[in-house]
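Now for the letters of each chain:
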Amino acid sequence: MKNFEGLLEQIKSCSKKKLAVAVAQDDAVLEAVKAAKDKDIADAILVGDADKIKKIAASMDMSLEGFEIIDVKDPTEAALTAVKLVHDGEADMYMKGLIDTKGFLKSVLNKEVGLRTGKALSHVCLFEIEGFEKMFFLTDVAFIPYPTLEDKVDIISNTVAVAHACGIECPKVAPLAAVEVVNPKMPVTVDAAELTKMNEEGKITGCIVDGPLSMDLAIDPEAAKHKGATNRKIVGDADILLFPDIHAGNITYKTLVHTAKVKNGCILTGTKAPVILTSRSDTFETKVNSIALAAIVAENLKKNK
């Protein structure tokens, strides 16, 4: 799969998914779920203040025909109602509306009706970047500030599952660092080497892990040739870019979004069902792409149950 157009084509062979939106009285979110419905990606259950949802929809000239609306005025209760729909299998995906991230995540982690699995939660962004013949999975760029080695194992597992859902049978995972050799004074390189060893020993499966790798060796075959790194498992053909911490990941993410011609979609993983945690600053296209990515992952989860 080379682009989001291919992802949308893949969705055509999936059963139509259902999205539960927490505190849905948000114009940007309503616009995105309407587009997702129109594109046959997903139907939506809108949980929140029904009067406000209807008022916003009217101001956008948006028909609410075909949308289920559950009237819950209190944002905390609305989030719990929405996440329970996913927990109980009445919806396939969970999306943040007009509620702060902390309150939204509390509902995701709720012991009774949330979406915990025991794994670390992590964030993955799928990027289509002009000039590249493939897409990249960036992780974790928004959730875990300083992942431990154990966290990184979970992040890889979470992201590999997303890559598998997108049709990549054995994704190549590049644990990134500033250099491509182990340096005891640079702990992230030690972690990267340990992750590679764990993959070789069968403790991390479903993928190929090769690290530490600098960014150029991970994504540019020519750079790998010039540096004499053609004996590596990854020679500029990584699928998953594993960042050492949130700073490196977030700076790369924002640099791409604001300077390059890209399309992207993001989800929270490590949960029983895909979670769409978009920001108000995300574009309409990013929100729709995120719903599409979540739908593909939801379909794969359904197949593997």
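Residues numbered from 1 in each chain as written. Predicted model: local features only at pLDDT ≥ 70, side-chain atom pairs only at ≥ 80, totals over all residues. Heavy atoms only, no water.

As annotated in an unreviewed UniProt entry, the protein chain carries the name Phosphate butyryltransferase and is attributed to Wujia chipingensis. Turning to the protein chain, the UniProt record has this under Sequence similarities (unreviewed entry): "Belongs to the phosphate acetyltransferase and butyryltransferase family." (UniProt positions renumbered as here; feature names shortened; annotations may be inferred.)

**Some points on the UniProt feature "domain: Phosphate acetyl/butaryl transferase" (unreviewed entry) in the protein chain**
Within this structure's numbering, the places UniProt gives as "domain: Phosphate acetyl/butaryl transferase" (unreviewed entry) are residues 8–74 and 78–295. Helix makes up 39% of residues 8–74 and strand 25%. Its end C-alpha atoms lie 35 Å apart. Helix makes up 39% of residues 78–295 and strand 17%. Its end C-alpha atoms lie 22 Å apart. (Helix = DSSP H or I, 4+ residues; strand = E, 2+ residues; numbered from the N terminus.)

**Overview of the side chain of Lys17**
With respect to the helices and strands, Lys17 occurs in strand S1 (residues 17–22). In this structure the side chain of Lys17 is engaged in a polar contact, spanning 2.7 Å, whose partner is the side chain of Ser15. A polar contact is formed between the side chain of Lys17 and the side chain of Glu299, at a distance of 2.4 Å. With residues near it in sequence (within four places) discarded, Lys17 still touches Ile41, Ala42, Asp43, Asp92, Met93, Ala295, Ala298 and Glu299. (Polar contact = N/O pair within 3.5 Å; in protein donor to acceptor, adjacent residues only side chain to side chain. Contact = heavy atoms within 4.5 Å.)

**Some details on the packing of aromatic side chains**
The tally for this structure, following the rule as stated, stands at three aromatic pairs. With centroids separated by 5.5 Å and ring planes inclined at 75 degrees, the aromatic side chains of Phe127 and Tyr253 adopt a geometry described as edge-to-face. Here Phe127 is found in strand S5 (residues 122–129), whereas its partner Tyr253 is found in helix H10 (residues 246–259), with 126 residues between them in sequence. Among the residues examined, Phe127 registers a relative accessible area of 0% and is labelled buried. Seen from the ring of Phe67, Lys37 lies directly overhead, with NZ or CZ sitting 5.5 Å from the centre. (Phe/Tyr/Trp six-rings, centres within 6.5 Å; stacked < 30°, edge-to-face > 60°. Buried < 20%, exposed > 50% of the residue type's maximum accessible area, 1.4 Å probe, protein only. Lys NZ or Arg CZ within 6 Å of the ring centre and 35° of its normal.)

**Remarks on unusual backbone geometry**
The omega angle of the peptide bond from Thr139 to Asp140 is -10 degrees, so this bond is cis rather than trans. That bond from Gly211 to Pro212 is cis: its omega, 5 degrees, falls within 30 degrees of zero. Structurally, Pro212 can be placed in the loop between strand S8 (208–209) and helix H8 (215–219). Although it is not a glycine, Val23 sits at a positive phi angle of roughly 60 degrees. A residue is classified by how much of its surface remains accessible, and Val23, at 2% relative accessible area, is buried. Its identity is not glycine, yet Asp40 carries a phi of approximately 60 degrees, on the positive side.

**Things to note about the packing of helix H2 (residues 27–38) against helix H11 (residues 284–304)**
Across the interface, H2 lies against H11 with an axial gap of 9 Å and an inter-helix angle of 50 degrees. In this view, H2 runs oblique relative to H11, as classed from their interaxial angle. Of the two elements, H2 crosses H11, and the hand of that crossing is right-handed. The residues of H11 that touch H2, namely those facing Ala28, Glu31, Ala32, Val33, Ala35 and Ala36, are Phe284, Lys287, Val288 and Ile291. Its residues placed into classes, the contact of H2 with H11 shows eight nonpolar, no polar and two charged. (Axes fitted to C-alpha atoms, helices over the stretch in contact; angles between N-to-C directions. Parallel < 35°, antiparallel > 145°, perpendicular 65-115°, else oblique. Left-handed = near helix turned anticlockwise from the far one by under 90°. Nonpolar A, V, L, I, M, F, W, Y, C, P; charged D, E, K, R; others polar.)

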